[in-house]
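Secondary and tertiary structure notes
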Amino acid sequence: MLVAAAVCPCPPLLVPEVAAGAAAELDAARAACTDALGVLAAARPDVLVVVGPAEESRRGTHAEGTRGSFRGFGVDVDVHLGPDRGGAAKDTLPPSLSVAAWLLARTGWSCAPVEGLGVGEPLAAERCIEVGRDIAARAERVALLVMGDASACRTLKAPGYLDERAAPFDAEVARALGAADVAALEALDARLAYELKASGRAPWQVLAGAAEGAGLGGQLLYEDAPYGVGYVVAAWS
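A brief report on the enclosed structure follows.

Reading the values: rules and limits
- Residues numbered from 1 in each chain as written.
- Predicted model: local features only at pLDDT ≥ 70, side-chain atom pairs only at ≥ 80, totals over all residues.
- Heavy atoms only, no water.
- Helix = DSSP H or I, 4+ residues; strand = E, 2+ residues; numbered from the N terminus.
- Expected span 1.5 Å × (residues − 1).
- Buried < 20%, exposed > 50% of the residue type's maximum accessible area, 1.4 Å probe, protein only.
- Polar contact = N/O pair within 3.5 Å; in protein donor to acceptor, adjacent residues only side chain to side chain.
- Contact = heavy atoms within 4.5 Å.
- Pairing = 2+ DSSP bridges.
- Salt bridge = Lys/Arg side-chain N within 4 Å of Asp/Glu carboxyl O.

So, about helix 3 (residues 95–106). Given 3.6 residues per helical turn, the α-helix brings residues three or four places apart onto the same face. For helix 3, spanning twelve residues, the distance from its first C-alpha to its last is 16 Å, which sits close to the expected 16 Å at 1.5 Å a residue. Residues Ser96, Leu97, Ser98, Val99, Ala100, Ala101, Trp102, Leu103 and Leu104 constitute the buried set of helix 3. Where helix 3 terminates, the next one or two residues include glycine 108, which has phi positive at roughly 70°.

Okay, structure coming up:
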């Protein structure tokens, strides 16, 4: 059963070495992520499942200890998902789960075993919800760390340019995540999310499936759109 969840954005810019001189611009987002992970630790889960968007080549499950890297972003920073258990060297984390691994290491996560799941952007809502239900049924006390960004179309300089639908979409996402509104997350328009380049849609719907019947409450810890991309941090418990 799902006992807690943390929702965090997944830009590699959260890693200060990647952001370099602009690192301070996301200090508030990092602090909010730390607070959200604290909620996970306080829940004393039996297992933590990290869910984030992934390209086709990196979809699927990733064992504890799987390594990730930010070398592709020009910095010599490597991470691993939870404790380094070895034996997972042939697998590599998608960027979203590498950011999650960095956040977990930053907060010294040692509360429960960690597993990763990369989900593809095209995954239908119904399937996302089914995956979430399966995750919640895996143990008596399950926690989720859900990575993903809202729209990338909030300003003229945003990666997806300005789209007037982006701000209302992001506002509803922030409201739903802050209120732990499972039904609203399950009803997110996958096509609109795709058009707005919102990478978090599928992971959020996995969360919604996992949270069905759990009776969790939510708290919105951060919502902003630096660089024209919507970033949301929330905690459910």
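Now for the side chain of arginine 30. Structurally, arginine 30 can be placed in helix 2 (residues 27–42). With relative accessibility at 3%, the residue arginine 30 sits in the buried group. One polar contact links the side chain of arginine 30 to the main-chain carbonyl oxygen of leucine 13, over a distance of 3.3 Å. Aside from chain neighbours lying at most four places away, what touches arginine 30 is Leu13, Leu14, Pro16, Ala19, Ala23, Trp102 and Arg106.

Let's shift gears to unusual backbone geometry. In this structure, arginine 44 takes a positive phi of about 50° despite not being glycine. With respect to the element layout, arginine 44 can be found in the loop between helix 2 and strand 2 (47–53). A relative accessible area of 68% means that arginine 44 is categorised as exposed. Positive phi is not limited to glycine here, since alanine 180 has a value of about 55°. By the secondary structure assignment, alanine 180 is in the loop between helix 5 (166–179) and helix 6 (182–186).

What follows covers the pairing of strand 7 (residues 142–147). The buried fraction of strand 7 is high, at six of six residues. Neither face of strand 7 is exposed, since Val142, Leu144 and Val146 on one face and Ala143, Leu145 and Met147 on the opposite face are all buried. Note that strand 1 (residues 2–8) and strand 7 share six bridges and pair parallel. Residue cysteine 8 lies in a different strand from strand 7, and its bridge partner there is methionine 147. Here strand 2 runs beside strand 7; their pairing, made up of five bridges, is parallel. Residue pairing for strand 7: leucine 48 is matched across the bridge by alanine 143.

Tallying each qualifying case throughout the model produces 13 salt bridges. The salt bridge involving arginine 133 is made with glutamate 212; its shortest N-O contact spans 2.6 Å. Remark: glutamate 212 occurs in the loop between helix 8 (201–211) and strand 8 (218–224) and arginine 133 occurs in helix 4 (residues 125–136); sequence separation between them is 79 residues. Using a relative accessible area of 42% as the deciding quantity, one classes arginine 133 as partly exposed. Judged by relative accessible area, glutamate 212 falls into the partly exposed class, the value being 31%. Among the ionic pairs, arginine 165 bridges to aspartate 163, the shortest N-O distance being 2.9 Å.

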